[in-house]
Amino acid sequence: RMAASASAPAVKRVRACVVGSGICGLVAAQRLRELDVESVLLEKEAHVGGIWASPSMYKAVTIQQHKSEFVLPGKPWGSDAPDFPSVGHVRRYIREYAEEHKLDEMAQLNAPVRSAAWQPASKTWLVKAANGPAVETDWLAMATGNLGAPRTLDGRVYGGFDGRILHSTEYYHPAPFQGKHVVLIGFGASSVEIAGDLARAGVRVTMLAREEAHADWVLPRFGAGGQPLRLSANGDVAATRRSRHDAARAAVRARLGGKELADVLPEALVPQGEPVDGRIIVSEMFLDALRDGTVSVVAGDARHCGPDSIEYRNHVGGGTIRGVDAIISCVGFDNASGLWGKVMAPAPDGVDLYQTMFAPGVPQAGFLGVGYGFVAAPTFALLHAEGFARAVTGELELPPSDEMRRWIAETKARNLKGATNVFTDNEHFASVKKYLTGDATAYAKADGSAGSAAHMKQGDEDGSSDQEGVLSKVGRELLDERFVVDDEASVKNAYSKWAQSYDADSFDALR
């Protein structure tokens with residue numbers, strides 16, 4: 001009997017299986033529970049929380065959106081949380097959400113998924129994990145996040161270096177690098193934050209970044225008037241991209257002491273596009289280091305490494321960075337589809353998905369949390385959770401694969417970055433939200449309470465809010481983007497707050 005059990009493990013039968021217990025997985029699991037859908041949550045680690053609970057988050061990490069935009073459903077932030085919470089605050093916040101909803105009780109921990117195979121005869125997925133019984137499920141949600149495997153540096157280029165080489169996921173704090181010269185390879189969210197963290201601690205820092213035709217902006221978290229800079233419109237069609245671009249430009253200029261990025265970056269790395277149309281790269285520390293000259297930025301591609309040097313090439317020739325003690329690779333990650341392809345059959349052929357979460361040719365499966373651009377993770381976590389739950393319950397009927405492919409092609413042709421999952425454009429986000437929610441979901445508001453379906457529907461139809469008739473369009477932009485009202489302040493008090501912090505830049509940004 002024991003031998004038979006070992007060769008044929010028990011199978012758990014459920015209606016829905018969620019793989020991954022980060023923000024998206026937890027929100028999806030809770031939504032399914034609210035609808036009394038029998039489900040299971042599989043997590044590869046010994047705890048829930050996803051990347052925020054992992055040791056790969058360096059000490060200085062701070063969320064890029066204001067806390068009023070980064071809100072889990074029905075879970076307001078505690079009074080001790082700053083405007084932009086640290087990794088410690090976020091970990092505790094996510095843990096409290098999981099504990100309050102007892103989501104750890106439905107989680108199968110230490111259970112990395114080894115395979116997920118579609119069974120045409122039964123029209124179910126058979127999911128096998130390293131720990132626990134196999135799971136047979138009608139619907140499968142892959143909530144494994146945006147990131148695939150870390151990309152590594154080319155050994156043919158960096159093999160001659162004698163110092164330490166590490167990936168950004170191995171960096172935690174500046175202490176081990178005191179008195180050393182550190183070179184960061186790449187120009188993205190991790191590299192600018194780590195560069196700023198090191199520079200603030202007095203470490204000598206050089207950044208070697210590839211010349212790019214479409215370099216991204218580095219933005220601060222606070223605007224020109226000192227108020228939190230809120231650039232994630234989250235589908236609010238009243239908050240135009242133009243106003244967000246202008247507010248971002250003014251904020252960068254203010255942080256650089258009146259300078260422009262063109263004054264402090266190599267020409268090949270100066271952004272040519274608009275601020276919020278690219279990746280979210282946010283770091284006051286890096287902008288401060290640029291302003292103060294405590295970080296050196298070099299444009300070029302590494303070609304060869306000596307024991308303590310890096311030779312690079314660029315459009316004007318190149319040069320050599322000497323006296324290097326350590327290299328930190330910040331060249332990013334593969335996308336999530338690589339992980340899906342390793343365990344799923346069939347699997348998506350990329351991350352461009354129908355309505356941002358369904359894949360042609362992959363039946364009864366949703367891909368949650370794969371989103372980019374200026375939108376907060378909890379916002380599209382709730383969006384995807386609702387879309388998946390409606391598909392599971394039959395409220396949302398998905399179209400044939402050919403129709404999905406047509407939508408994907410048309411959306412890529414018109415959306416930012418030529419991708420379906422870039423949420424920066426308000427109208428694209430609003431359109432996806434309308435499809436996935438059917439205008440009948442409750443969205444988290446800034447105070448953590450739920451907005452009514454009627455309120456959300458009105459906002460979708462006419463771009464208004466509950467202040468319609470009181471505020472002009474510019475007034476709504478002021479209220480939404482130039483400051484945050486954390487209490488029950490009236491519109492008059494809100495205008496007063498803005499007036500007290502008035503300056504030429506803030507007025508010009510909203511003109």
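First, a word on what this report is: a plain description of the structure on this page. Just so you know, these numbers come straight off a predicted model, no measurement behind them.

## Regarding the packing of helix 5 (residues 189-200) against helix 8 (residues 284-292)
Alright, step 1. Contact geometry for helix 5 and helix 8: axes closest at 7 Å, N-to-C directions at 60°. Accordingly, the angle class assigned to the pair helix 5 and helix 8 is oblique. By crossing handedness, the relation of helix 5 to helix 8 is classed as left-handed. Two secondary-structure elements touch here, helix 5 through V192, E193, A195, G196, D197, A199 and R200 and helix 8 through M285, F286 and A289.
Alright, step 2. Here the contact of helix 5 with helix 8 is built from residues that sort into six nonpolar, one polar and three charged.

## Structural notes on helix 10 (residues 377-393)
Alright, step 1. Compared with an ideal rise of 1.5 Å per residue, which puts 17 residues at 24 Å, helix 10 spans 24 Å between its outermost C-alpha atoms and is within 8% of the ideal.
Alright, step 2. Taken across its 17 residues, helix 10 has 15 buried, putting it largely inside the fold.
Alright, step 3. G394 sits one or two residues past helix 10 and shows a positive phi near 90°.

## Here we look at the packing of helix 2 (residues 23-34) against helix 10
Alright, step 1. Between helix 2 and helix 10, the shortest axis-to-axis distance is 8 Å and the interhelical angle comes to 40°. Considering their axes alone, helix 2 and helix 10 lie oblique with respect to each other. Handedness of the crossing formed by helix 2 with helix 10: right-handed. Residues I23, C24, V27, A28, R31 and L32 of helix 2 lie in contact with helix 10, whose contacting residues are A377, P378, F380, A381, L382, A385, E386, F388, A389 and V392.
Alright, step 2. When its residues are assigned to classes, the contact of helix 2 with helix 10 shows 14 nonpolar, no polar and two charged.

## With respect to the pairing of strand 5 (residues 124-129)
Alright, step 1. Where burial is concerned, most of strand 5 is hidden: five out of the six residues are buried.
Alright, step 2. Summarising the sheet, strand 4 (residues 113-119) and strand 5 pair through six bridges and their orientation is antiparallel. In the strand pairing of strand 5, Q119 is matched with T124.
Alright, step 3. The loop that links strand 4 with its antiparallel partner strand 5 comprises four residues; one of these, K123, has a positive phi angle of about 55°.

## With respect to the pattern of salt bridges
Alright, step 1. The tally for this structure, following the rule as stated, stands at 27 salt bridges.
Alright, step 2. Among the ionic pairs, R200 bridges to D197, the shortest N-O distance being 3.4 Å. Of this pair, R200 and D197 both sit in helix 5, three residues apart, which is roughly one turn of the helix.
Alright, step 3. On the basis of relative accessible area, D197 is assigned to the buried category, the value being 6%.
Alright, step 4. With a shortest N-O distance of 3.0 Å, R242 and E274 are connected by a salt bridge. Of this pair, R242 sits in helix 6 (residues 241-255) while E274 sits in the loop between helix 7 (261-264) and helix 8, placing them 32 residues apart in sequence.
Alright, step 5. Among the residues examined, R242 registers a relative accessible area of 40% and is labelled partly exposed.

## A word on the pairing of strand 12 (residues 301-306)
Alright, step 1. Where strand 12 meets strand 13 (residues 309-314), five bridges bridge the pair, whose relative direction is antiparallel. Among the inter-strand pairings, D301 is bridged to a residue of strand 13, identified as R313.
Alright, step 2. Counted between consecutive antiparallel strands, the loop separating strand 12 from strand 13 contains two residues.

## Thoughts on the environment of A299
Alright, step 1. Looking at the element boundaries, A299 is found in strand 11 (residues 295-299).
Alright, step 2. Here the alpha-carbon distance between A299 and A209, two residues 90 residues apart in the chain, equals 5.0 Å.
Alright, step 3. Residue contacts for A299: discarding those within four places in its chain leaves A209, E211, P266, A268, L269, Y312 and N314.

## Here we look at the side chain of E284
Alright, step 1. For E284, the position within the fold is in helix 8.
Alright, step 2. E284 sits in the buried class, given a relative accessible area of 12%.
Alright, step 3. Apart from the residues within four sequence positions on either side, E284 is in contact with P220, R221, F222 and R255.

## Examining the nonpolar core
Alright, step 1. If you look at the biggest cluster of nonpolar residues, it comprises 105 residues, and the most contacted ones within it are W52, L198, F286, L290 and I328.
Alright, step 2. Here this core takes nine residues from helix 10, the largest share from any one element.
Alright, step 3. Once residues lying within four places of it in the same chain are set aside, the contact partners of L290 are L256, L261, V264, L265, V295 and V297.
Alright, step 4. Among the nonpolar cores identified, the runner-up in size contains 24 residues, and V40, L42, M344 and V370 belong to it.

## A word on the side chain of H181
Alright, step 1. Mapped onto the fold, H181 is located in strand 9 (residues 181-185).
Alright, step 2. You can call H181 buried: its relative accessible area is 3%.
Alright, step 3. At a separation of 3.5 Å, a polar atom in the side chain of H181 contacts the side chain of R204.
Alright, step 4. Of note is the side chain of H181, whose polar atom sits 3.3 Å from the backbone oxygen of R322.

Calculation criteria
- Residues numbered from 1 in each chain as written.
- Predicted model: local features only at pLDDT ≥ 70, side-chain atom pairs only at ≥ 80, totals over all residues.
- Heavy atoms only, no water.
- Axes fitted to C-alpha atoms, helices over the stretch in contact; angles between N-to-C directions.
- Helix = DSSP H or I, 4+ residues; strand = E, 2+ residues; numbered from the N terminus.
- Parallel < 35°, antiparallel > 145°, perpendicular 65-115°, else oblique.
- Left-handed = near helix turned anticlockwise from the far one by under 90°.
- Contact = heavy atoms within 4.5 Å.
- Nonpolar A, V, L, I, M, F, W, Y, C, P; charged D, E, K, R; others polar.
- Expected span 1.5 Å × (residues − 1).
- Buried < 20%, exposed > 50% of the residue type's maximum accessible area, 1.4 Å probe, protein only.
- Pairing = 2+ DSSP bridges.
- Salt bridge = Lys/Arg side-chain N within 4 Å of Asp/Glu carboxyl O.
- Core = buried A, V, L, I, M, F, W, Y, C linked by side-chain atoms within 4.5 Å.
- Polar contact = N/O pair within 3.5 Å; in protein donor to acceptor, adjacent residues only side chain to side chain.

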